[in-house]
Amino acid sequence: MNIQNTDVILMCGSLSVVVDTIYIFKMTTRILIRIYLELLFKILCISVTDNILYSLFHILFNSMIAGATMVMLSLTVVSNLNRLRCIKISADL
């Protein structure tokens, strides 16, 4: 068997590890999608909004609001990553 061509390699005799692996994969992909969306939101919310508001209405975007937005988005990224610690693996390794 060629190990390089496999997606999941079982190191124990239990097949319940496959179910746990699929669950962990789904959780990490959801969290990674949220991280990329939050990064996109940071870019759009802070830089583009600042330029649009100033060019159209001559309104300057307060840097305190931008800083608070970045802090809140960073907290949500950290909380999403901490969700991975709460994953309960049912298989005994």
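Since we're looking at a predicted model, the values are computed, not measured.

**Focus: the overall build of the protein chain**
Now for step 1: Along the protein chain, the regular secondary structure elements total 2 helices and 0 strands.
Now for step 2: Out of the 93 residues belonging to the protein chain, those deemed buried represent 16%.
Now for step 3: In the protein chain, of all internal contacts separated by at least 6 residues, the share reaching a separation of at least 24 is 77%.
Now for step 4: For the protein chain, the exposed area adds up to about 7,600 Å²; of that, 69% sits on carbon and sulfur atoms.

**Points about helix α2 (residues 63-82)**
Now for step 1: Here α2 spans 29 Å end to end across 20 residues, near enough to the 28 Å set by a 1.5 Å rise per residue.
Now for step 2: Regarding α2, the residues found buried are Ala66, Thr69, Leu73, Val77 and Asn80. Along α2, the residues classed as buried sweep out an arc of 75° about the axis, all on the same side. Looking at α2, the residues exposed on the side facing more than 90 degrees away from the buried face are Met64, Met72 and Leu75.
Now for step 3: Here the buried face of α2 lies against α1 (16-57).

**Side note on the environment of Phe41**
Now for step 1: Within the secondary structure, Phe41 sits in helix α1.
Now for step 2: Placed 29 residues apart in sequence, Phe41 and Met70 show a C-alpha to C-alpha distance of 9.7 Å.
Now for step 3: Setting aside its immediate chain neighbours within four residues, Phe41 contacts Ile46, Thr69 and Leu73.

What counts as what
Residues numbered from 1 in each chain as written. Predicted model: local features only at pLDDT ≥ 70, side-chain atom pairs only at ≥ 80, totals over all residues. Heavy atoms only, no water. Helix = DSSP H or I, 4+ residues; strand = E, 2+ residues; numbered from the N terminus. Buried < 20%, exposed > 50% of the residue type's maximum accessible area, 1.4 Å probe, protein only. Contact = heavy atoms within 4.5 Å. Areas by Shrake-Rupley, 256 points an atom, 1.4 Å probe, with all protein chains shown as cover. Expected span 1.5 Å × (residues − 1). Arc of directions from axis to C-beta.

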